[in-house]
Amino acid sequence: MSRNHKKAIIAFLIVFAVALCHLRVVPETALSERAIVVGLGIDKTEKGYVVSCEIINPKSQSGGGQGESDGFALMSGTGKTLDAAIGEISQKTGLKVSLSQCNLIVLGNMFLTEQTFPSVNYLVQAFSVPELAIIAVAENSAAELLKTKPVMTTLSALQMQQTLHSATDDASIISTNVKDFFNGYLSRTGVANVVSISAKKIDKNDVDKGSGEEKDVYEYDYSKLALFINGKSAMLLEKDDTVAINYMKYDLKKGGETVSVDGEIFGLQITSKKTKYKTKVNGGVPSVFADVEIKARILEKDGLGKYFSVDEIPEWLTEKIVAAMKEVVEKKIVATFEKCKARGVDVYELFDKLYEKSFKDFKNESPNGDYLNRIRLIVNAKISVVKK
């Protein structure tokens, strides 16, 4: 090995050692000066914004934050801008507010009536909020939702994150992160989904006495969905609408339906779902054909009746169960489409499907035009059922 090579290796090792020491020392100092936010609430007022931060391991200089003795705090700040409100929290805690670990942004219900959307993109750019952070809308104020105490954990934000992150393939919930929202916002139709969360107080008699829990505790409902068009609130959808959108737009591995056949109730569990589209334009009438392919298994029969177990259900009855589930799925999809169509909302983003698959015949249409009034949606639910 030449002398120059030896010098280069020695120089590299010195630089590497210095860098390693620097990396080991700096974060400890930096963390002690930061308020690490795991959940962020934004409420709109006449004077600007109220921002609520759920902070882990705060080093508060002034006190006054909820839960500080438990190693966390819920701090709030007000201001004409988001930056000013966050700055007030920094002043209260004596710490720099860090949003790089914030995986949940909750908007207050005022944004369901406001004609503006908070500058979430500013939070991503200026405060390094992750693009995978979930966006949600509270049934009431964001601050009140974050104040609630869940059953399983101490922090409401962590409970909501855990549920929504694990629900990406569940038919009953639609979880939207920052990236998803802006993909919808920038699409041709501008439609973006945001989960709506409500909190319900649990009867203390239903809480395990051994847990030692004395405060009010809550459970959360994620079944409703808020629709935004070009960043403006369009409408609030119900549980069945959430399921219908999942059937049309997303791959699924969880969820289920309950059907009635010959006076008996059967529960079916979805194991997989994919949707395939075909389009055509004929005489100015755009048509979208959606094949919703669902695999499910009969999970439960309500009451034993003549069949002791699910395995004993005969084939002719299985075919009736399949037909019943097919009808339920198709009705939900069409009902949601018609409801949103009446409000001028292309809930399934069918414009994009037509533009991509029938470009030659559809290229002159505008997403702001009357295509939605002329469109034909033909849904064919293809159900495959097993008994175990």
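The rules behind each value
Residues numbered from 1 in each chain as written. Predicted model: local features only at pLDDT ≥ 70, side-chain atom pairs only at ≥ 80, totals over all residues. Heavy atoms only, no water. Pairing = 2+ DSSP bridges. Helix = DSSP H or I, 4+ residues; strand = E, 2+ residues; numbered from the N terminus. Core = buried A, V, L, I, M, F, W, Y, C linked by side-chain atoms within 4.5 Å. Buried < 20%, exposed > 50% of the residue type's maximum accessible area, 1.4 Å probe, protein only. Contact = heavy atoms within 4.5 Å. pLDDT = per-residue confidence, 0-100. Axes fitted to C-alpha atoms, helices over the stretch in contact; angles between N-to-C directions. Parallel < 35°, antiparallel > 145°, perpendicular 65-115°, else oblique.

### Observations concerning the pairing of strand E13 (residues 285–301)
Note on strand geometry: in a regular strand, side chains alternate between the two faces of the sheet. Two strands pair when backbone bridges link them, and strand E12 (residues 264–282) and E13 are joined in this way by 16 bridges, in the antiparallel orientation. Note on E13: the bridge partner recorded for isoleucine 270 is alanine 296. Counting the residues in the hairpin turn of E12 and E13 gives two residues, including glycine 283, whose phi is positive at 60°.

### Some points on the nonpolar core
In terms of nonpolar packing, the biggest core is built from 51 residues, with Ile333 and Tyr348 touching the most fellow members. Top element by residues in this core is helix H8 (residues 315–341). It accounts for eight residues. Leave out the neighbours within four places in its chain, and isoleucine 333 touches Ala244, Tyr247, Met248, Val292, Tyr348, Leu377 and Val379.

### A short note on the confidence of the model for the protein
Per-chain confidence: the protein averages 85 in pLDDT, with 82% of residues scoring 70 or above. No element of the protein has a lower mean pLDDT than helix H1 (residues 3–31), at 48, and none a higher one than helix H7 (residues 239–249), at 96. Long-range and interchain partners of residues 12–16, a stretch whose pLDDT sits below 50, account for zero contacts in this model, where long-range means more than four residues apart. Of the regions scoring below 50 in pLDDT, residues 20–29 engages in one contact with residues more than four places distant in sequence or in other chains.

### Structural notes on the packing of H7 against H8
Two packed helices can be described by the angle between their axes and the distance between those axes. Across the interface, H7 lies against H8 with an axial gap of 9 Å and an inter-helix angle of 105°. Classified by the angle between their axes, H7 and H8 sit roughly perpendicular to one another. Note on element contacts: H8 touches H7 through Val329, Lys332, Ile333, Thr336 and Lys339, opposite Asp240, Asp241, Val243, Ala244, Ile245, Tyr247 and Met248.

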